[in-house]
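Summary of structural features
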Amino acid sequence: MQERSFSREAVQDRLREIRENIAEACDKYRSDDNVGIMAVTKTVPPEVVNWVFDMGLDLLGENRVQEFQSKKDIYLPQARVHFIGHLQTNKVKYIINDMDMIQSVDSIRLGQEIDRLAAANNRIMDILCEVNIGGEESKDGVAPEELKGLLDELSALEHINIRGLMTIPPPSDSDIFLGRMAELYGSLKDEYGMDTLSMGMTHDYVQAVRHGSTLVRIGSGLFGARIYP
Ligand SMILES: *Cc1c(COP(=O)(O)O)cnc(C)c1O
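What you are looking at is a predicted structure, and each value in this text was computed from that prediction instead of being measured. (Residues numbered from 1 in each chain as written. Predicted model: local features only at pLDDT ≥ 70, side-chain atom pairs only at ≥ 80, totals over all residues. Heavy atoms only, no water.)

**Some thoughts on the pattern of salt bridges**
One side chain can pair with another of opposite charge once the charged atoms of both are near each other. Here is the rule: Should a side-chain nitrogen of Lys or Arg be within 4 Å of a carboxyl oxygen of Asp or Glu, the pair is scored as a salt bridge. Secondary structure follows DSSP: runs of H or I at least 4 residues long count as helices, runs of E at least 2 residues long count as strands, and numbering of each begins at the N terminus. Only protein chains enter the area calculation, which uses a 1.4 Å probe; residues under 20% of their type maximum are buried, those over 50% are exposed, and those in between are partly exposed.
Applying the stated criterion across every chain yields a total of 15 salt bridges. The closest approach of N and O atoms between E113 and R116, which form a salt bridge, is 2.9 Å. Within this pair, E113 and its partner R116 are both found in helix α5 (residues 108-120), separated by three residues, close to a single helical turn. For K139, the salt bridge identified is with E136, shortest N-O distance 2.8 Å. Judged by relative accessible area, K139 falls into the partly exposed class, the value being 24%. Residue classification places E136 among the partly exposed positions, given a relative accessible area of 21%. Via salt bridges that share partners, R64, E67 and K71 belong to a single interconnected network.

**Structural notes on unusual backbone geometry**
Its identity is not glycine, yet T43 carries a phi of approximately 70 degrees, on the positive side. A residue is classified by how much of its surface remains accessible, and T43, at 25% relative accessible area, is partly exposed. Despite not being glycine, N122 shows a phi value in the positive range, around 60 degrees. As for its placement among the helices and strands, N122 is situated in the loop between α5 and β5 (125-131). For N122, a relative accessible area of 71% gives the class exposed.

By themselves these figures say nothing about function.
Take a look at the structure:
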């Protein structure tokens with residue numbers, strides 16, 4: 001297994017550049033600058049993740065239940081965490097009390113389990129619906145034409161709060177699909193009281209901001225390239 005090295009200065013420099021790029025895209029293409037930055041922490045040791053709190057970030061994105069469980073007790077208490085990965089229904093119970101939001105809801109079955117466990121834990125869980133905007137077979141997410149039906153069903157659940165939409169567009173045509181996602185969000189946000197459009201990763205966050213993203217999720221662009229053992 002290769003050793004991966006992290007440098008606080010490098011993380012700080014990358015974050016500065018990300019912030020500059022976002023500010024520039026907002027200046028040029030938007031009338032607002034409402035864009036949050038999430039630090040996506042998969043494969044990053046928790047001690048390194050904790051550096052970002054000094055740099056003005058407090059939102060983390062986790063995509064694996066087991067990895068999160070092994071790291072969560074080391075995270076500083078001010079961490080806010082969103083779940084962004086594929087979530088099996090039978091694993092919701094492990095994260096229900098640790099997450100501030102679940103961004104990857106793509107079925108009514110998953111929504112019902114989150115609702116049930118949120119009720120049992122006396123809370124309301126914020127969620128996003130993950131949309132498979134490129135219609136890729138390999139990807140999770142609800143098909144765009146099935147989104148409205150899912151939102152209507154989820155709206156009836158009392159212990160979840162639909163905050164918006166999340167997507168991972170096909171990398172090859174991300175600009176086209178980011179635009180489609182923005183249209184879809186624009187057509188639904190008032191009806192469902194949404195305020196969050198989570199899109200944009202290391203390779204496409206500037207385009208995503210141009211298209212109206214309110215939350216970019218940055219992993220390798222902040223911590224450096226991932227090395228999987
Ligand atoms: C890994 C991941 C990201 C971040 O990807 P980078 O390309 O490293 O920025 C964003 N969103 C989700 C859902 C991810 O799994």
